[in-house]
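The lines below spell out each chain.
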Amino acid sequence: MEFATILFKTILLFVIFVITLLVAMYATWAERKVAAFIQDRRGPNRAGPMGLLQPLADGLKMFMKEEIIPMTANRVLFIMGPSIAMTTACLTGAIIPWGGNLTINNKIYSLQITDLNIGILYIFAMVSIGVYGIMIGGWASNNKYSLLGAIRAASQMISYELAMGLSIITLVLTTGTLSLSEIVDQQQGWHWNIFYHPLGFIIFLICAFAECNRSPFDLPECETELIGGYHTEYSSMKLGFYLFAEYINMFISAAVISTLYFGGYHMPFIHHLDLSPNVMTLIGSAFFFLKIFFFIFLFMWVRWTLPRFRFDQLMNLGWKRLLPLGIINMFITALIILLNEYL
Amino acid sequence: MEKLTGRSKVVSNKKLSFWESIYLPAIIGGMFITIKHFFRKKVTINVPEQTRKRSDVYRGMHVLKRDDEGRERCTACGLCALSCPAEAITMVAAERKPGEEHLYREEKYATIYEINMLRCIFCGDCEEACPKEAIFLTDRLVESEYKRKTFIYGKDLLVEPLEKDKRIDVSKRQTPEVLEFKKNKKLTHNK
Ligand code: SF4
Ligand code: SF4
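Reading guide: rules and limits
Residues numbered from 1 in each chain as written. Chains lettered and ligands numbered in written order. Predicted model: local features only at pLDDT ≥ 70, side-chain atom pairs only at ≥ 80, totals over all residues. Heavy atoms only, no water. Helix = DSSP H or I, 4+ residues; strand = E, 2+ residues; numbered from the N terminus. Contact = heavy atoms within 4.5 Å. Pairing = 2+ DSSP bridges. Core = buried A, V, L, I, M, F, W, Y, C linked by side-chain atoms within 4.5 Å. Buried < 20%, exposed > 50% of the residue type's maximum accessible area, 1.4 Å probe, protein only. Buried area = accessible area lost by both parts, 1.4 Å probe. Salt bridge = Lys/Arg side-chain N within 4 Å of Asp/Glu carboxyl O. Polar contact = N/O pair within 3.5 Å; in protein donor to acceptor, adjacent residues only side chain to side chain. Disulfide = S-S within 2.5 Å. Near = heavy atom within 4 Å. Nonpolar A, V, L, I, M, F, W, Y, C, P; charged D, E, K, R; others polar. Phe/Tyr/Trp six-rings, centres within 6.5 Å; stacked < 30°, edge-to-face > 60°. Lys, Arg positive; Asp, Glu negative; His and termini not counted.

1. A word on the environment of A:Gly264
All names here are of chain A.
Point 1. Residue position: Gly-264 is located in the loop between helix 10 (236-261) and helix 11 (277-303).
Point 2. A C-alpha to C-alpha distance of 8.5 Å links Gly-264 and Gly-284, two positions 20 residues apart in sequence.
Point 3. When neighbours within four sequence positions are excluded, Gly-264 is seen to be in contact with Val-184, Ser-258, Thr-259, Phe-288 and Lys-291.

2. A short note on the pairing of strand 2 (residues 107-110) of chain A
Side-chain positions along a regular strand alternate between the two faces of the sheet.
Residues and elements named next belong to chain A.
Point 1. Sheet topology places strand 1 (residues 101-104) next to strand 2; 4 bridges connect them, and they run antiparallel. Across the sheet, residue Thr-103 finds its bridge partner in strand 2, namely Ile-108.
Point 2. Counting the residues in the hairpin turn of strand 1 and strand 2 gives 2 residues, including Asn-105, whose phi is positive at 50 degrees.

3. Some points on the nonpolar core
Point 1. The biggest cluster of nonpolar side chains holds 95 residues, and the ones touching the most others in it are A:Trp98, A:Tyr160, A:Phe217, A:Leu260 and A:Ile292.
Point 2. The leading source of residues in this core is helix 10 of chain A, at 14 residues.
Point 3. Ignoring sequence-local partners within four residues, the contact set of A:Phe217 consists of A:Gln156, A:Tyr160, A:Ile206, A:Phe209, A:Ala210, A:Phe309, A:Leu314 and A:Leu317.
Point 4. Within the second largest apolar cluster, 24 residues are counted, among which are B:Met61, B:Leu64, B:Cys74 and B:Ala134.

4. Here's the deal with the sheet that holds strand 3 (residues 108-116) of chain B
Residue and element names in this part refer to chain B.
Point 1. As summarised here, the arrangement of the 3 strands in space is 2-3-5, forming an open sheet in which the pairing is antiparallel. Of all the strands in the sheet, just strand 2 (89-95) and strand 5 (152-153) have a single pairing partner and so form its edges.
Point 2. Sheet topology note: the strand 3/strand 5 ladder contains 2 bridges and is antiparallel. Paired with Ile-115 across the bridge in strand 5 is Tyr-153.

5. Here's the deal with the interface of chain A and chain B
Point 1. Opposite the 21 residues of chain A that make contact, chain B presents 21 residues.
Point 2. Here chain A and chain B share an interface that buries about 2,000 Å² over both sides, 67% of which is from carbon and sulfur atoms.
Point 3. Linking chain A with chain B are 1 salt bridge, by the criterion used here.
Point 4. A:Arg46 is the salt-bridge partner of B:Glu49, the closest N and O atoms lying 3.0 Å from each other.
Point 5. For the pair chain A and chain B, the number of links is 9 residue pairs in polar contact (both at pLDDT 80 or more).

6. Focus on the state of the cysteines
Point 1. All told, the structure shown has 0 disulfides over all chains when counted by the stated rule.
Point 2. Left without a disulfide partner, A:Cys212 is nearest to the cysteine sulfur of A:Cys207, which lies 11 Å away.

7. Concerning unusual backbone geometry
Point 1. Across the junction of B:Val47 and B:Pro48, the peptide omega takes the value 5 degrees, indicating a cis bond.
Point 2. Among the secondary structure elements, B:Pro48 is positioned in the loop between helix 2 (24-38) and strand 1 (62-64).
Point 3. Its identity is not glycine, yet A:Asn106 carries a phi of approximately 65 degrees, on the positive side.
Point 4. Here A:Asn106 is to be found in the loop between strand 1 and strand 2.
Point 5. According to the relative accessible area criterion, A:Asn106 is exposed, its value standing at 76%.
Point 6. Positive phi, close to 50 degrees, is recorded for B:Phe122, a residue that is not glycine.
Point 7. Mapped onto the elements of the fold, B:Phe122 is located in the loop between strand 3 and helix 4 (125-129).

8. Remarks on the site of ligand 2
Point 1. Around ligand 2 sit 14 residues in total, of which B:Cys74, B:Cys77, B:Gly78, B:Cys80 and B:Cys130 are the nearest.
Point 2. Its residues placed into classes, the shell around ligand 2 shows 11 nonpolar, 2 polar and 1 charged.

9. Section: the packing of aromatic side chains
The geometry of an aromatic ring pair is captured by the separation of the ring centres together with the interplanar angle, meaning the angle of the planes.
Residues and elements named next belong to chain A.
Point 1. On inspection of all chains with the given rule, the structure shows 29 aromatic pairs over all chains.
Point 2. Centre to centre, the rings of Trp-98 and Phe-251 are 5.8 Å apart; their planes meet at 15 degrees, and the pair counts as stacked. Linking Trp-98 in the loop between helix 3 (75-91) and strand 1 with Phe-251 in helix 10, this pair joins segments that are 153 residues apart in sequence. Like Phe-251, Trp-98 is buried.
Point 3. Consider the rings of Tyr-230 and Tyr-242, whose centres lie 5.0 Å apart with planes at 75 degrees: the pair is edge-to-face.

10. A look at the side chain of B:Arg73
All names here are of chain B.
Point 1. Here Arg-73 lies in the loop between strand 1 and helix 3 (79-83).
Point 2. No salt bridge forms around the buried Arg-73; measuring N to O, its nearest opposite-charge neighbour Glu-133 is 5.1 Å away.
Point 3. A polar atom in the side chain of Arg-73 sits 3.0 Å from the backbone oxygen of Lys-132.

Laid out in structure tokens, this is it:
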């Protein structure tokens, strides 16, 4: 690789990282605002205009709090837990195509940090490693409740990953590729995958909620009934990391959903506007972020609508409903493809 | 069987159908309800810039009244302390010395009169019990504090100011019967 490319990728990497953190930070603010609005309240409005400095205040509070590591805990693992959760959450952003191509000095740069040809598998791998963050956190705390909470969280994530995988298989069947940039390229104009895979999308969406531990699947964080779960023993910024990782995951999931099913950075009608390619790319990226924000809002909207599932209901939904639905969906899609080929 | 109330309902135990057990229709219905609230008018009142109007007979912090000539009405009879269910009132009585007639209305007065605002449940029984119309609850609020000690309010906080215009108006708390009674200036109580 040339120096210019490396420089561009490094800058992009840095920008994406900062954007990820910023979005996650302001997602906490937005979460509280949405919660308040849905409950006819106003939400944070003291720190800065419209409470916009609230995330900073919250962060400061997290840093200032006393840090406790239980005597019996395994110190190394105890610190590793939140670190893994945070790292894996951030890593996934590397393969998402954040926009089209930028032309600088007659050279074409794509707004994707790295275009893996197995992009989807990479996402799944990262999500699975995220489970380790939770499991290790629960195990290292040396607390029965934490361990039980961690097992619960891990089993939930693993169960829903199956159905998620099935819904992705249908997508792979029709697109014929695992690379995210190619999947996006196939969705130009109105060829969004949501129109071809509505059922798959719904399954994927539900599983994404479960993977992010978002309500109604937020069993890992019910404080009153289940004593918190895997992060019971965590305090100050270590707890903050776990919670923050969840918001990053939400952002990344929203990005993945928009990429896979809603055409990513493609904007219908944009080609009629007669714009220069660079401007078009930037508008496309902005549109992509609009989609992402919509899905983040959807995550919050659902959270403040639905009560939490009971654990057996959760498992029933995952194994007895979504999994069979996913298999049926896969067979139907495969059948249609076959019929298309032979008729 | 005869129904005990008109509101009883027959509970159905039917099994959920497949679509019901996948919860989606119900979820979408619920989401429409919440999004409607998203755009509703907010009911929040921004304390302290805005205040909610309190009722005229709100039972807030107490006041120890003076009479028209500025003398303390309380005669340290102890009835308020006795009637207080929370045992929040403590007082020490003393005898009025010659030359203090302009300060205290009766021969006996309270040198120390304390209400523990952490114990008080603002029931208003002290107000009811007082034969001298000396203690009233008002629409003022007890300020928040950092120390327990500071919640014991002495006479410095409870007795209303001497100046006529700074007196605390409790006329709205008095029932028509009391107002009628007060008109009769022949009774010593009203002099
Ligand atoms: S309001 Fe009730 S609790 Fe408070 S001091 Fe008076 S009698 Fe006691
Ligand atoms: S406030 Fe009233 S009831 Fe209490 S001691 Fe004084 S006169 Fe008696």
